[in-house]
Amino acid sequence: MAKILIIAEHFDGKVEDSTLELCKAAKSLASALGAEPAAAVFSKDGAVANEVAKYIPAVFSVEDANLEKYSADGYTAAAKAVVESQDVKGVLIAHSYYGVDFAAKLALALDCGIVSNCNKVAVEGGAPVFTRNTYNGKIQENKKVKTDKFVATFEKGAFDMEAAGGAGAVTKVAATIGAVRTTVKEIVETMAGAVDISQAKVIVAGGRGLKDGDKYKDVIIPLAKKVGGEYAASRPVVDSGWTEAARQVGQSGKSVTPDLYIAAGISGAIQHVAGMKGSKCIVAINKDPEAPIFNIATYGIVGDLFEVIPAMMENL
Ligand SMILES: Cc1cc2nc3c(=O)[nH]c(=O)nc-3n(C[C@H](O)[C@H](O)[C@H](O)COP(=O)(O)OP(=O)(O)OC[C@H]3O[C@@H](n4cnc5c(N)ncnc54)[C@H](O)[C@@H]3O)c2cc1C
């Protein structure tokens, strides 16, 4: 049976959340296409492959000293070997720094079409249709590939994470990795210990309407704690140093899809909306009734956030 193959991401022996999201995506796409979900894991010794096998029925493991660290050459050669050893219909890759680095190279090696930065996939007439934001998130476009096989990259948070369950089988695949033309000299964590807001179920985001960093801390953080969520921000808040970059939502920040997104003092610029419009329920608080954020809000509160939020806190 044809396979929908994900390329697992892992770092320091730990399976990344993006891999669990792709497992979910592969399962639903494979079931709609009458195919089987599977994962490819590239590593030095195969230990991570056993871990990934907890989430998906079939794992193909390529093990080579040259795959100890990520490289575009290594991952492309390994992925090509897995695709050629199996009946693979499509390859799903995380739209991460690594994923965007090798996805197009893999599509070229497989001589197939690629759709990058997707946030949804459906099946129409037996073929996958990929959805992605375009024009800074102002509109969404649907894309199909013309080739039989495809490669697609998915934004983080586009799918829920697969929960563990059932032990999948791990099959080793031989691959000639060849020369890797890049050397990783050092990995510097610039945001060590940073929060990952892309998985939060509830987010309270503050914008420039907060006026200054102290008010952001006094108003947004307590509300986020009260509703059991994470606090986040628009870009001006991050640029002004009121909170850390890992909490920025939008085109140049994180994409989030929580159950509840409270936007306070945020105008709703397209670059911000691009990162949060997939939220299930959006509550906007803004004193300007014409603020664009109200166009996408589920509930809109026209008012001064310094009066509205204390009233919410009191009633919660
Ligand atoms: C290439 C590029 C990438 C970008 N990436 C991002 C990104 O990732 N994320 C992002 O957020 N932006 C991004 N931006 C910036 C974006 O264009 C906007 O400038 C930004 O989103 C505006 O932030 P804001 O809504 O907090 O501020 P503003 O647009 O200044 O809005 C402040 C809002 O607060 C309201 N307000 C003021 N006082 C109160 C009050 N007391 N009570 C209630 N409401 C009040 C005002 O009515 C206003 O609507 C990007 C821009 C570019 C060009």
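Residues numbered from 1 in each chain as written. Predicted model: local features only at pLDDT ≥ 70, side-chain atom pairs only at ≥ 80, totals over all residues. Heavy atoms only, no water.

**Q** Sorry, what's going on with the site of the ligand here?
**A** Around the ligand, the surrounding shell holds 26 residues, and the nearest of these are S234, S252, S267, Q271 and N286. G265 has a polar backbone atom sitting 3.1 Å from an oxygen atom of the ligand. For the ligand, a nitrogen atom lies 2.9 Å from a polar atom in the backbone of L305. Burial of the ligand by the protein amounts to 77% of the accessible area it has alone, namely 980 Å². Residue assignment for the shell around the ligand shows that the elements contributing at least two residues are helix 6 (235–239), helix 7 (270–276) and helix 9 (305–315). Its residues assigned to classes, the shell around the ligand comprises six nonpolar, 14 polar and six charged. (Near = heavy atom within 4 Å. Polar contact = N/O pair within 3.5 Å; in protein donor to acceptor, adjacent residues only side chain to side chain. Areas by Shrake-Rupley, 256 points an atom, 1.4 Å probe, with all protein chains shown as cover. Helix = DSSP H or I, 4+ residues; strand = E, 2+ residues; numbered from the N terminus. Nonpolar A, V, L, I, M, F, W, Y, C, P; charged D, E, K, R; others polar.)

**Q** Hey, could you run me through empty space enclosed by the protein in this one?
**A** If a probe the size of a water molecule is rolled over the atoms, the empty space left behind becomes visible. On inspection of all chains with the given rule, the structure shows one cavity of 30 Å³ or more. As a volume, the largest cavity reaches approximately 50 Å³. Lining the largest cavity are I7, A8, E9, Y70, Y75, I93, A94, S96, Y98, G99 and F102. Elements that contribute at least two residues to the lining of the largest cavity include exactly strand 6 (88–94) and helix 4 (97–110). Ranked by residue count, the leading element in the lining of the largest cavity is helix 4, at three residues. The residue makeup of the lining of the largest cavity, split by class, is eight nonpolar, two polar and one charged. (1 Å grid on protein atoms, 1.4 Å probe; cavity = no way out; pocket = protein on both sides within 12 Å on 5 of 7 lines; lining within 4 Å. Points joined across faces, edges and corners; volume = space filled by probe spheres on them.)

**Q** Which parts of the structure should I look at to understand helix 5 (residues 213–226)?
**A** The α-helix advances 3.6 residues per turn, and as a result positions three or four apart in sequence lie on the same side. Taking 1.5 Å per residue as the helical rise, helix 5 with its 14 residues ought to reach 20 Å, and the 19 Å between its terminal C-alpha atoms agrees with that figure. Of the positions making up helix 5, those classed as buried are G213, Y216, V219, I220, I221, L223 and A224. The N-cap of helix 5, judged by a side-chain oxygen 3.1 Å from the amide nitrogen of D214 a few residues on, is D212. G228 lies just past helix 5 and shows a positive phi near 70°. (Expected span 1.5 Å × (residues − 1). Buried < 20%, exposed > 50% of the residue type's maximum accessible area, 1.4 Å probe, protein only.)

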